[in-house]
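# Commentary on secondary and tertiary structure
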Amino acid sequence: MTEVCTTPAVLILLGPPGAGKGTQARMLEETLGLIQLSTGDLLRAAVAQGTPAGMAAKSVMEAGGLVSDDIVLQILRDRMDQPDTRRGVILDGFPRTAGQAAALDHLLADTGQGVSLAISMEVDDEAMVARVSGRHTCAECGEGYHDTFKRPANGACDKCGGTEFKRRSDDNADTARQRLAAYHAQTAPLIAHYAQAGVLARLDAMQDIAAVSRDLARMVQPIV
Ligand code: AP5
């Protein structure tokens, strides 16, 4: 008998900076119609708007640390309250601490949901530094590129034709190493949390973008 999935999918992409979470989440959003929910993007928007949460987060993000659970959870709850998330979500860069994972479990339990699948995207530490140091995005539409691994075909954005590109202020080697240290200390332990919950899958994210994408699509298929 074919099982019909009635609750929206909740997919977590876990992984260090540069693992490819954002790249793959944007592709999955386009192919599956799930909503990408990146706490990094939400925090950067709060910083740009100069909200109190953004002002509190700014210096922590520039130093490569983790923003407090209180701020991140408030920003996430506000976004989860919007109706489009009922189609199912891809959590990109959340949760990142044991406190955030516990809060997510409670938030989902309130609506009879749970985490559908948590994918640990595994990359070598050295590859991660090279990936974030070469990253840039289209200033117009936000499409992501890399100086070596994903260059725009004709110098203009492949997606919208924009010619302006921007780089993140935290994408330098020193800050990247701080972000990596924060990942190993506070986020990597969540792999065991989701393994224990029976929803963990591991993905070799050292492969090229297309191969990671193929593996990911195969893993995600059963939950959508
Ligand atoms: P955030 O924006 O989430 O950054 P991050 O986790 O450090 O992740 P990245 O965006 O750097 O990497 P990614 O895995 O998305 O890689 P991408 O696909 O872009 O967080 C920023 C900051 O906000 C944090 O440091 C923290 O301060 C704060 N924050 C955010 N969430 C928080 C939370 N929940 N709690 C507390 N604080 C929080 O790829 C990187 C590059 O590599 C790109 O150029 C891409 O083209 C390339 N690439 C991708 N895949 C491949 C591949 N397979 N092969 C070769 N190149 C590839």
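First, a word on what this report is: a plain description of the structure on this page. (Residues numbered from 1 in each chain as written. Predicted model: local features only at pLDDT ≥ 70, side-chain atom pairs only at ≥ 80, totals over all residues. Heavy atoms only, no water.)

Tallied over the entire structure, the rule returns 14 salt bridges. When the shortest N-O distance is used, the salt bridge between Arg-218 and Asp-215 registers 3.1 Å. On the criterion of helical spacing, the pair formed by Arg-218 and Asp-215 is a turn pair, its members being 3 residues apart in helix 9 (residues 209-220). Residues joined by salt bridges that share partners form a network here, namely Arg-135, Arg-168, Asp-170, Asp-171 and Arg-179. (Salt bridge = Lys/Arg side-chain N within 4 Å of Asp/Glu carboxyl O. Helix = DSSP H or I, 4+ residues; strand = E, 2+ residues; numbered from the N terminus.)

Once that is clear, we can look at the site of the ligand. Neighbouring residues of the ligand: 35 residues in total, closest Thr-23, Gly-65, Arg-96, Arg-135 and Arg-179. Measuring from an oxygen atom of the ligand, one finds a side-chain N or O atom of Arg-96 at 2.5 Å. Breaking the shell around the ligand down by element, the ones donating at least two residues are helix 1 (21-32), helix 2 (39-49), helix 6 (125-133), strand 6 (144-146) and helix 9. The greatest single-element share of the shell around the ligand, amounting to 4 residues, is contributed by helix 2. (Near = heavy atom within 4 Å. Polar contact = N/O pair within 3.5 Å; in protein donor to acceptor, adjacent residues only side chain to side chain.)

A few words now on the sheet that holds strand 1 (residues 10-14). Strand order across the open sheet formed by 5 strands is 2-3-1-4-8, with parallel pairing between neighbours. Bordering the open sheet on either side are strand 2 (35-38) and strand 8 (200-204), each of which pairs with just one other strand. Adjacent strand axes in the sheet meet at a mean angle of 20°, parallel and antiparallel pairs treated alike. Contacts between helix 1 and the sheet are confined to strand 1, strand 2, strand 3 (89-92) and strand 4 (117-122), with strand 3 contributing the most and set at about 170° to the helix. In this fold helix 2 packs onto strand 2 and strand 3, with an angle of close to 65° to the strand it touches most, strand 2. (Pairing = 2+ DSSP bridges. Axes fitted to C-alpha atoms, helices over the stretch in contact; angles between N-to-C directions. Contact = heavy atoms within 4.5 Å.)

Let us look at the pairing of strand 1. Successive residues of a regular strand alternate their side chains across the two faces of the sheet. Counted residue by residue, strand 1 has 5 buried out of 5 residues, so it is predominantly covered. Residues Val-10, Ile-12 and Leu-14 of strand 1 are buried on one face, and the alternating residues Leu-11 and Leu-13, pointing to the opposite face, are buried as well. Pairing analysis gives 4 bridges linking strand 1 to strand 3, with the strands arranged parallel. Of the residues in strand 3, the one forming a bridge with Leu-13 is Asp-92. (Buried < 20%, exposed > 50% of the residue type's maximum accessible area, 1.4 Å probe, protein only.)

It is worth spelling out the layout of surface pockets at this point. Empty space within the second largest pocket amounts to approximately 270 Å³. Lining the second largest pocket are 14 residues, with Met-80, Thr-85, Leu-108, Thr-111 and Gln-113 positioned closest to its centre. Within the residue set of the lining of the second largest pocket, elements represented by two or more residues are helix 4 (69-80) and helix 5 (98-109). Here the lining of the second largest pocket is composed, by residue class, of 7 nonpolar, 4 polar and 3 charged. (1 Å grid on protein atoms, 1.4 Å probe; cavity = no way out; pocket = protein on both sides within 12 Å on 5 of 7 lines; lining within 4 Å. Points joined across faces, edges and corners; volume = space filled by probe spheres on them. Nonpolar A, V, L, I, M, F, W, Y, C, P; charged D, E, K, R; others polar.)

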